[in-house]
Amino acid sequence: MTDTHASESGDRPTEIATADDRDPLFARIPRRDFMKAGAAAGTMSALAGCTGLLSDDDRQSAADVDTEVPPGEHDDYYAFLSGGHSGDIRVYGVPSMRQLMRIPVFNIESARGYGHDDETRAMLEEAGGYTWGDTHHPRPSQTDNTYDGEWMFVNDKANGRMARIDLTYFETDAIVDLPNQQGTHGACALMPDTRLVFGVGELRVPIPNDGRDLDDPEEYGSVLSAIEAESFDHQWDVRVDCNLDNGDSGKDGKWFFTTSYNTEEGVTEQEMTSADTDYVVAFNVPAIEEAVDAGEYEEINGVPVVDGTEDSPLNDGGEPLVRYIDVPTNPHGVSVTPDGQYAIASGKLDPTCTVIEIDRLDEADDPNDAVVGRVNVGNGPLHTAYDDRGHAYTTLFVDSQVVKWDIEAAVDAEMGSEDPVIEKHDVHYSPGHLIAAESYTGNPQGDWLIVLNKLSKDRFLPVGPVFPENDQLFYIGDDDAGMELVKDTPAYPEPHDASIVRADRLDPASVYDPDDLELDFISPDDDENFIDRDGDQVHVEMYNQRNHFGFEDITVQEGDEVTIRTTNIEQEEDILHSLAIPQHDVNVKVAPQETREVTFTADQPGVYWMYCAYFCSALHLEMRSRLLVEPAD
Ligand code: CUK
Ligand code: CUA
Ligand code: CA
């Protein structure tokens, strides 16, 4: 027999070393005490300040908090991370940081057949026909300032688009091309109820960009675009002279905030960084909608464009459409605190975060009077997230740290004071975004924080010159212990931002509801399965299930345009099939109760096996039919 290491003998030759075996310190301290020791180590390393790399103490503190999600158990949260120029969204579980799914958005993806079937192909085609996009800011829909599990919205920084993801099916269901915008950067819905979704135009261009004012940058501008969430129709734009960068919504349906780092209206880096101050731009949404309703706009590329520039007559008088607030040079992130009281802008080139009291914008003649605090956080502040205890957490790109500070203390302190800072924690390298659980809602959870580091040097097994990115999970729920690094996850390039949503707020379907789909369900009934010809157009409808397709063979003529619609009639969850046809570039996935359609030209005579590419049963390889293409002559 081969079981020489049988358990009767009690000696298991390949026992895996545990943390207790590896480090005598761990072995000596019972679990309870160890937790305290780890917490102390975390605090001490935090106080030690900026040293670039993590100390061993930090690494050991990973065991302090229980992030273990045992096999078969579920995480407490979903995290949705943007894939950057991969064009997708990745779904993680938190705290395990296990990757659960990818949702293609602006990219073409073969495992999910996205961009392969007629419907998703047409959606991508109608939204400009680009083969890629650059997702940065995945922001979930909210009801009453709480995630409602309905949609996720995300920008395309590459091509000026916004997309909507249906969180029942975890798939992209709408994309809108914003014609007056080049490079949509910030993205966020209007709160509290997600009536509108905003795409924030980053790059200044002539509007319309039709060849006019080519080398006359003073004439360039950018727009904030509003899209109705439900229809995903583009409603209106507001034009400004400066550029716009990141964005976030106030909590009561009035103000939407963006940063602008190019108030100089420059085209070179030197020009764009020449002024001492730039703007937080505050858009008064109801006032803008009134202007649109009153016809006070110019239609450009089919979109009503309202003039929100500084000299616009619409900005005179009691209810200006747009207010421009001076902040130190080249700010980056802006986010609204959970109580809706403040908008906080991170300084990027200035070591401060600026606190703007939102209510003051309603009354103050000078919008700069709404600035109520400015805290010196450290070098390169980019983005700020929140817990449920009045703390802000800001990434420091230059210092490679996360700084935790007290929001009310920042309002009370003198301008430029460091006093509101509570703790600085080293992270791996050059953090961009960070996100705390449900941070940008009215009820942040205050336990987990993901920091998205841009560089992963030394962190993982080398995989060539393209490194993975590095997303680190911190536990922030214990103010005495401080921030604790608990997980370190590599990520395929290149997540920019994320949203963390409590798992119980989502209710994903495990099987399609045929009523939710455009295409009619095809049952196994004989009269629902047919092959029709109209000239050189062949239309096939057939069901599929374990382990066959509705037709054993389909005969067409060389040169025919063939459309095949197929329904996976399985009722059982997780039994997917697909329709793949070699050498015709056909690859369509169909999940249980899903119907998809694909059109292709049968341009080569011969025999082609139509097979199922998803492993579905022991007879998966036998799940195939023949496409017989008869020669033309
Ligand atoms: S961001 Cu998109 S380039 Cu800070 Cu959200 Cu960096
Ligand atoms: Cu169906 Cu494999
Ligand atoms: Ca600037």
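Everything discussed here concerns the structure shown above.
Residues numbered from 1 in each chain as written. Chains lettered and ligands numbered in written order. Predicted model: local features only at pLDDT ≥ 70, side-chain atom pairs only at ≥ 80, totals over all residues. Heavy atoms only, no water.

Caption draft 1: Structural context of the overall build of the protein. Tallying secondary structure elements over the protein gives nine helices and 40 strands in all. Classification of the 633 residues of the protein by burial places 57% in the buried group. In the protein, once contacts between residues fewer than 6 apart in sequence are set aside, the share between residues at least 24 apart is 60%. Of the roughly 27,000 Å² that the protein leaves accessible, carbon and sulfur atoms contribute 46%. (Helix = DSSP H or I, 4+ residues; strand = E, 2+ residues; numbered from the N terminus. Buried < 20%, exposed > 50% of the residue type's maximum accessible area, 1.4 Å probe, protein only. Contact = heavy atoms within 4.5 Å. Areas by Shrake-Rupley, 256 points an atom, 1.4 Å probe, with all protein chains shown as cover.)

Caption draft 2: Spotlight on the side chain of Asn159. The topology assignment puts Asn159 in the loop between strand S5 (146-156) and strand S6 (161-166). Given a relative accessible area of 16%, Asn159 falls into the buried group. For Asn159, the side chain forms a polar contact with the main-chain oxygen of Trp132, separated by 2.9 Å. Polar side-chain contacts of Asn159 include one of 3.1 Å to the side chain of Asp156. Not counting the four nearest positions on each side in its chain, Asn159 is found in contact with Tyr130, Trp132, Gly133, Asp177 and Gly183. (Polar contact = N/O pair within 3.5 Å; in protein donor to acceptor, adjacent residues only side chain to side chain.)

Caption draft 3: Just the site of ligand 1, in detail. As a matter of local geometry, ligand 1 sits amid His136, His137, His185, Asn246, His332, His383, His433 and His496. Its residues assigned to classes, the shell around ligand 1 shows no nonpolar, eight polar and no charged. (Near = heavy atom within 4 Å. Nonpolar A, V, L, I, M, F, W, Y, C, P; charged D, E, K, R; others polar.)

Caption draft 4: Summary view of the pattern of salt bridges. Taken as a whole, this structure holds 32 salt bridges when the rule is applied. Here Asp173 makes a salt bridge to Arg164, at a shortest N to O gap of 2.9 Å. Across the pair Glu438 and Arg505 runs a salt bridge, and its minimum N-O distance is 2.7 Å. Of this pair, Glu438 sits in the loop between strand S26 (431-436) and strand S27 (448-453) while Arg505 sits in the loop between strand S30 (498-502) and strand S31 (530-534), and the two are 67 residues apart along the sequence. Arg505 matches Glu438 in its accessibility class, with the two residues each being buried. (Salt bridge = Lys/Arg side-chain N within 4 Å of Asp/Glu carboxyl O.)

Caption draft 5: Spatial organisation of the coordination of the calcium ion (ligand 3). Every protein donor of the calcium ion (ligand 3) is listed here as Tyr261 (O), Glu264 (OE), Glu264 (OE), Met272 (O), Asp278 (OD), Asp278 (OD) and Asn330 (OD1), and their distances to the metal cover 2.3 to 2.8 Å. Site description for the calcium ion (ligand 3): donor spacing in sequence, Y-x2-E-x7-M-x5-D-x51-N. You can call Met272 partly exposed: its relative accessible area is 21%. (Donors = N, O, S within 2.8 Å, 3.2 Å for Na, K, Ca; no water.)

Caption draft 6: Inspection of the pairing of strand S10 (residues 222-228) at higher detail. Here S10 lies mainly inside the structure; six of its seven residues are buried. As paired elements, strand S9 (residues 196-203) and S10 share five bridges and run antiparallel to each other. Bridge pairing in S10 places Gly199 opposite Ser225. Pairing between S10 and strand S11 (residues 234-240): six bridges, direction antiparallel. Directly across from Ile227, in S11, lies its bridge partner His234. Counted between consecutive antiparallel strands, the loop separating S10 from S11 contains five residues, among which Phe232 sits at a positive phi close to 55°. (Pairing = 2+ DSSP bridges.)

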